[in-house]
Amino acid sequence: PFENQLFVGEFTYAFLSRVFLEKVDGEYQGACFRFRSGMKSAVFRTHFLPDGSLMLGETNRGWNSLGTRSFALQRLRWTGRLPFEMKTIEARPDGFLIRFTRRIDTGTATPRTIRMKSYTYRYQQAYGSPEVDSREIRIHKALPSPDALSLRLVCEGLRPGYVHEIDASGLRDEAGGPLLHSDGYYTLNRIPSK
């Protein structure tokens, strides 16, 4: 279900992210989602095998991660069951379009059930940074598509150069189930003109 997306290992927290990219005005930007957490060590390398499974090479390399081992080799295989996930987040001039892997319960798709904020990080000589200049983003409208596989968010206060964090934990699928991962993080380099 995530064809043409990237899988990126996270060192300190020992998890695997999924990344959707799009090009806006000649510049790549896109969204990052949690994919799998709780790896045994820091995810350092990923490689798809011919059978479609994903191998994860893991090592702490002398640093610390939340994993319980200094190194590991783990294999992820798809069960064939389609999880309820945000498949993509695409930028729009006045908000975002979220596509899902399963139909949403349109009754739960309201501006009250989805929260959004934007923030950035300090670019500095010291290692790391907390989130800085955080602001809530007001969602005016949440417009489900006729097939209930996507949701258009019309927002106020988008900021180029900021991460836009979408928390859709109040959203449900047709069967009433929650998203497997309810957060998406879109780095908005450019706001599309159309």
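Residues numbered from 1 in each chain as written. Predicted model: local features only at pLDDT ≥ 70, side-chain atom pairs only at ≥ 80, totals over all residues. Heavy atoms only, no water.

1. Observations regarding the environment of Ala-142
Its location among the elements puts Ala-142 in strand S11 (residues 138-144). The class of Ala-142 is buried, set by a relative accessible area of 11%. Each C-alpha atom, one on Ala-142 and one on Val-154, is 6.5 Å from the other, the two residues being 12 residues apart in sequence. The residues touching Ala-142, leaving out its near neighbours within four places in the chain, are Ala-109, Thr-110, Pro-111, Leu-151, Arg-152 and Leu-153. (Helix = DSSP H or I, 4+ residues; strand = E, 2+ residues; numbered from the N terminus. Buried < 20%, exposed > 50% of the residue type's maximum accessible area, 1.4 Å probe, protein only. Contact = heavy atoms within 4.5 Å.)

2. Side note on the side chain of Glu-58
Note on placement: Glu-58 falls in strand S5 (residues 54-59). No salt bridge is formed by the buried Glu-58. Its closest oppositely charged neighbour is Arg-69, at 7.6 Å. There is a polar contact of 2.9 Å between the side chain of Glu-58 and the backbone nitrogen of Ser-41. Filtering out sequence-adjacent residues up to four positions away, Glu-58 remains in contact with Met-39, Lys-40, Ser-41, Ala-42, Val-43, Phe-44, Phe-71, Ala-72 and Gln-74. (Lys, Arg positive; Asp, Glu negative; His and termini not counted. Salt bridge = Lys/Arg side-chain N within 4 Å of Asp/Glu carboxyl O. Polar contact = N/O pair within 3.5 Å; in protein donor to acceptor, adjacent residues only side chain to side chain.)

3. Side note on the packing of aromatic side chains
Evaluation of the coordinates by the stated rule reveals 6 aromatic pairs. Relative to Phe-35, the ring of Phe-2 has its centre 6.1 Å away and its plane inclined at 90 degrees; by these criteria the two rings are edge-to-face. Remark: Phe-35 occurs in strand S3 (residues 27-36) and Phe-2 occurs in the segment before strand S1 (6-10); sequence separation between them is 33 residues. Here Phe-7 and Phe-35 contribute two aromatic rings whose centre-to-centre distance is 4.8 Å and whose plane-to-plane angle is 70 degrees, an arrangement assigned as edge-to-face. Placement of Phe-7 in strand S1 and of Phe-35 in strand S3 is noted, with a sequence separation of 28 residues between them. Of the residues examined, Phe-7 reaches a relative accessible area of 17% and is grouped as buried. Among the aromatic residues, those joined into a ring-pair cluster are Phe-2, Phe-7, Phe-35 and Phe-48. (Phe/Tyr/Trp six-rings, centres within 6.5 Å; stacked < 30°, edge-to-face > 60°.)

4. Quick look at the sheet that holds strand S13 (residues 162-167)
By definition, the strands of a sheet pair up through backbone hydrogen bonds, in either a parallel or an antiparallel sense. Taken in spatial order, the 7 strands line up as S1-S2-S3-S14-S13-S9-S10 in an open sheet, and their pairing is antiparallel. The open sheet has two edge strands, S1 and strand S10 (131-136), and neither has a second partner. Across the sheet, the mean angle separating the axes of adjacent strands is 25 degrees when strand polarity is ignored. Across 5 bridges, strand S9 (residues 115-121) lies against S13 in antiparallel orientation. By the bridge assignment, Arg-115 is partnered in S13 with Asp-167. (Pairing = 2+ DSSP bridges. Axes fitted to C-alpha atoms, helices over the stretch in contact; angles between N-to-C directions.)

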